[in-house]
Amino acid sequence: MPFRVCKTFTVESGHMLSLHPEACRFPHGHTRTIEVVVEGDALDDRGMLLDFKALKMALERTVDRYDHSLAVNSNDPALPELQARYPREALVVFENQEPTTEAIAKDLYDYAVRVMEEGFQEGPYVIEPGRNRIVRVRVWETPSSWAEFAAG
């Protein structure tokens, strides 16, 4: 059985779902908890699957894109007005896709997989390429509702 670790992030994240039949089509926000689960078959020479700080450093820039930003579908009729009103970094645009919690989980999963495949190093904090695998990324939208994207 493989070892597993989980790193959790919290962001204040907005989105608007233009295809939703009710209030979710309007801009609204969530305190999202993001869980990234990594697994591997062996511990390193320090007795760890990987250093939690290395995982945090490798993922935080991408996770932070969602903090205090508004995710929107590129086809949303309100997008041109939003782009004119807000700085580029305030918007996360999903190409031809609703920015649902499921889509956010997949976006973060895909990035985390690339980190595990390509590796990461900043100072003494290292993620060795190809050594571990992303099992899943779970994004909590509310304390009682989450979506995840998982391997396989």
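Overview of the structure.

Basis of the calculations
Residues numbered from 1 in each chain as written. Predicted model: local features only at pLDDT ≥ 70, side-chain atom pairs only at ≥ 80, totals over all residues. Heavy atoms only, no water. Helix = DSSP H or I, 4+ residues; strand = E, 2+ residues; numbered from the N terminus. Contact = heavy atoms within 4.5 Å. Expected span 1.5 Å × (residues − 1). Bend = angle between axes of the 7 residues up to and from the residue. Buried < 20%, exposed > 50% of the residue type's maximum accessible area, 1.4 Å probe, protein only. Core = buried A, V, L, I, M, F, W, Y, C linked by side-chain atoms within 4.5 Å. Salt bridge = Lys/Arg side-chain N within 4 Å of Asp/Glu carboxyl O. Polar contact = N/O pair within 3.5 Å; in protein donor to acceptor, adjacent residues only side chain to side chain.

### Thoughts on the side chain of Glu 39
Here is step 1: Mapped onto the elements of the fold, Glu 39 is located in strand S2 (residues 28-40).
Here is step 2: Residue contacts for Glu 39: discarding those within four places in its chain leaves Pro 2, Phe 3, Arg 4, Leu 49, Asn 132, Arg 133 and Val 135.

### Observations regarding helix H1 (residues 52-64)
Here is step 1: Between its first and last C-alpha, H1 extends 17 Å over 13 residues, near the 18 Å set by a 1.5 Å rise per residue.
Here is step 2: Along its length, H1 reaches its greatest deviation from straightness, about 35°, at Ala 58.
Here is step 3: Regarding H1, the residues found buried are Ala 54, Leu 55, Met 57, Ala 58, Leu 59, Thr 62 and Val 63.
Here is step 4: Elements that come into contact with the buried residues of H1 comprise strand S1 (3-15), S2, helix H3 (101-118), strand S5 (120-122) and strand S6 (125-127).

### Some thoughts on the nonpolar core
Here is step 1: Grouped together as the largest cluster of nonpolar side chains are 31 residues, with contacts concentrated most on Ile 34, Val 36, Val 38 and Ile 127.
Here is step 2: Of all the secondary-structure elements, those providing two or more residues to this core are S1, S2, H1, strand S4 (91-94), H3 and strand S7 (133-142).
Here is step 3: Considering each element in turn, this core owes the most residues, 8 residues, to H3.
Here is step 4: Residues contacting Val 38, with those up to four places away along its chain left out, are Phe 3, Arg 4, Val 5, Leu 49, Leu 50, Leu 55, Met 116, Asn 132, Arg 133, Ile 134 and Val 135.
Here is step 5: Leu 70, Val 72, Leu 79 and Leu 82 belong to the second-largest nonpolar core, a separate cluster that totals 6 residues.

### Quick word on the pattern of salt bridges
Here is step 1: Counting across every chain of the model gives 13 salt bridges.
Here is step 2: Of the charged contacts, one joins Arg 46 and Asp 51 as a salt bridge, the two residues approaching to 3.8 Å between their closest N and O atoms.
Here is step 3: Overall, the relative accessible area of 48% leaves Arg 46 in the partly exposed class.
Here is step 4: Ionic pairing is found between Glu 128 and Arg 131, a salt bridge with its closest N-O pair at 4.0 Å.
Here is step 5: The exposure class of Glu 128 is partly exposed, given its relative accessible area of 43%.
Here is step 6: Assessed through its relative accessible area of 22%, Arg 131 is described here as partly exposed.

### A few points about the environment of Glu 148
Here is step 1: Structurally, Glu 148 can be placed in strand S8 (residues 145-150).
Here is step 2: Its relative accessible area of 29% is what places Glu 148 among the partly exposed residues.
Here is step 3: When the C-alpha atoms of Glu 148 and Val 11 are compared, they prove to be 16 Å apart, with 137 residues separating the residues in sequence.
Here is step 4: With sequence-adjacent residues up to four places away left out, Glu 148 is seen in contact with Ala 105, Arg 136, Val 137 and Arg 138.
Here is step 5: Among the polar contacts listed, one links the side chain of Glu 148 to the side chain of Arg 138, at a separation of 3.0 Å.

### Topic: unusual backbone geometry
Peptide bonds are trans in most cases, and residues, glycine excluded, mostly fall at negative phi.
Here is step 1: Residue His 68 is not a glycine yet carries a positive backbone phi of 55°.
Here is step 2: Within the fold, His 68 resides in the loop between H1 and strand S3 (69-73).
Here is step 3: Look at Asn 96: it is not a glycine, yet its phi comes out positive at around 55°.
Here is step 4: Tracing the sequence through the fold places Asn 96 in the loop between S4 and H3.
Here is step 5: Exposure remark for Asn 96: the relative accessible area of 55% places this residue in the exposed category.

Shape descriptors only; they carry no functional weight alone.
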